[in-house]
Amino acid sequence: MSDHKDRRSLPSLTGLVAGGLVVLGVGLFMFVHKGLLVVAGLGTFGPGILRELGWLRDQDEFQREAAHRAGYHAYLVGGFVALLAYAALEVWQTQLEASSEWVLLILVLLWLTWMFSSLMEFWGARRTASTVLLVFGSFWAVFAIATIISEAATTSPGDAALGVLASLGLIGPFFLLAWAAHRWPRATGVLLLVVSVVFLAMFNPGAGTQRWSTTLLTDALLIVPLAASGIALLREGVAGED
């Protein structure tokens, strides 16, 4: 087991390349053209496809088993969400808009489920929660900075300052709780769930004029990492804090 832990402490070359493609694809999606999200898809699904075809042999038996388990978890969550979305569209078709964001929502949940399952298998709750919170905090920080810069020319200094404070209020919990996850896992888990509920109240379909698909996609990207990390840390148990 120690060999596995030592070998897993750093990402493989395949993981680095795949992660780079995901980051590049998300950046192109946000700032260039939404169709370029396909680049992130290459990083997300490409290595797995190559492994199943037998063209990439970079995993041992333990890693293969963990990857297959994570894939099954993603299948369960993605399939269930797709079924719910389809049923909702059929029942409330006059109230819910047809939008590509429904497809993106399912893809996001598939990817998040696979990522959490894989990282939990390799790193455990504390390191997984801390890493995920840092990654998503950084993602939202880049998004917030880009939004503030793009709107700077059309907003007053006061409004810009309020935008910065609001962004810090959303992003700050990611970084603060990423640090606390290693030292106080159970207490941090509780706080993560509390923050998740607060964000859910702030970003719910009835709270504004946003479309359901947009709001639910925001909820998935912002709340799921917090809630999943909180649940994982709570499962550490009292013994994990000693």
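Use the structure listed above.
Quick caveat, the model's predicted, so the values are computed rather than measured. (Residues numbered from 1 in each chain as written. Predicted model: local features only at pLDDT ≥ 70, side-chain atom pairs only at ≥ 80, totals over all residues. Heavy atoms only, no water.)

Points about the overall build of the chain
When you go through the chain residue by residue, the secondary structure sums to nine helices and zero strands. Beginning at the N terminus, the succession of helices and strands in the chain can be written as α-α-α-α-α-α-α-α-α. Counting over 242 residues, the chain shows a buried share of 33%. Here the analysis covers contacts within the chain between residues at least 6 apart in sequence; of these, 72% occur between residues at least 24 apart. Approximately 14400 Å² of the chain is accessible, and the part contributed by carbon and sulfur atoms is 70%. (Helix = DSSP H or I, 4+ residues; strand = E, 2+ residues; numbered from the N terminus. Buried < 20%, exposed > 50% of the residue type's maximum accessible area, 1.4 Å probe, protein only. Contact = heavy atoms within 4.5 Å. Areas by Shrake-Rupley, 256 points an atom, 1.4 Å probe, with all protein chains shown as cover.)

Some remarks on the nonpolar core
Membership of the largest hydrophobic core comes to 35 residues, with the highest contact counts inside it found for Met 115, Leu 133, Phe 174 and Leu 226. When contributions to this core are tallied by element, the ones reaching two or more residues are helix H4 (61–91), helix H5 (101–123), helix H6 (125–151), helix H7 (157–183), helix H8 (185–202) and helix H9 (212–234). In terms of residue count, H5 provides more of this core than any other element does, 10 residues in total. Apart from the residues within four sequence positions on either side, Met 115 is in contact with Val 132 and Phe 136. (Core = buried A, V, L, I, M, F, W, Y, C linked by side-chain atoms within 4.5 Å.)

Regarding the environment of Gln 63
Mapped onto the fold, Gln 63 is located in helix H4. As for Gln 63 and Ser 118, which are separated by 55 residues in sequence, their C-alpha atoms are 9.0 Å apart. Sequence-distant contacts of Gln 63, defined by excluding residues within four places in its chain, comprise Asp 58 and Phe 122.

A closer look at the packing of aromatic side chains
Counted according to the given criterion, the structure contains three aromatic pairs. Aromatic side chains Phe 62 and Phe 122 sit 5.8 Å apart centroid to centroid with 75° between the ring planes, which places their arrangement in the edge-to-face category. Here Phe 62 is found in helix H4, whereas its partner Phe 122 is found in helix H5, with 60 residues between them in sequence. Each ring, one from Tyr 72 and one from Tyr 75, has its centre 6.0 Å from the other, and the planes form 25°; the classification is stacked. Separated by three residues within a single helix, Tyr 72 and Tyr 75 lie in helix H4, roughly one turn from each other. A relative accessible area of 56% places Tyr 75 in the exposed class. Note that Arg 127 overlies the ring of Trp 123, its terminal NZ or CZ placed 4.1 Å from the centroid. (Phe/Tyr/Trp six-rings, centres within 6.5 Å; stacked < 30°, edge-to-face > 60°. Lys NZ or Arg CZ within 6 Å of the ring centre and 35° of its normal.)

Points about the pattern of salt bridges
Two side chains carrying opposite charge are able to pair once their charged atoms lie near each other. Following the criterion strictly, the structure yields four salt bridges and no others. Glu 121 serves as the salt-bridge partner of Arg 69, at 3.2 Å between the closest nitrogen and oxygen. Of the two residues, Arg 69 sits in helix H4 while Glu 121 sits in helix H5, which places them 52 residues apart along the sequence. On the basis of relative accessible area, Glu 121 is assigned to the partly exposed category, the value being 30%. (Salt bridge = Lys/Arg side-chain N within 4 Å of Asp/Glu carboxyl O.)

Some points on the packing of H8 against H9
Contact pair H8 / H9: the axes reach a minimum separation of 7 Å and the direction vectors enclose 155°. Relative to H9, the element H8 is oriented roughly antiparallel. By crossing handedness, the relation of H8 to H9 is classed as left-handed. Note on element contacts: H9 touches H8 through Asp 219, Leu 222, Ile 223, Leu 226, Ala 227, Ser 229, Gly 230, Ile 231, Leu 233 and Leu 234, opposite Pro 185, Arg 186, Thr 188, Gly 189, Val 190, Leu 192, Leu 193, Val 195, Ser 196, Phe 199 and Leu 200. When its residues are assigned to classes, the contact of H8 with H9 shows 14 nonpolar, five polar and two charged. (Axes fitted to C-alpha atoms, helices over the stretch in contact; angles between N-to-C directions. Parallel < 35°, antiparallel > 145°, perpendicular 65-115°, else oblique. Left-handed = near helix turned anticlockwise from the far one by under 90°. Nonpolar A, V, L, I, M, F, W, Y, C, P; charged D, E, K, R; others polar.)

A word on helix H2 (residues 13–31)
Helix length check: H2 (19 residues) gives 27 Å between terminal C-alpha atoms against 27 Å at 1.5 Å per residue, within 8%. Taken together, the buried positions of H2 are occupied by Thr 14, Ala 18, Val 22 and Gly 25. Down the axis of H2, the buried side of the element spans an arc of 70°, and every buried residue falls inside it. Of the exposed residues in H2, those oriented more than 90 degrees away from the buried face are Leu 13, Leu 16 and Val 23. (Expected span 1.5 Å × (residues − 1). Arc of directions from axis to C-beta.)

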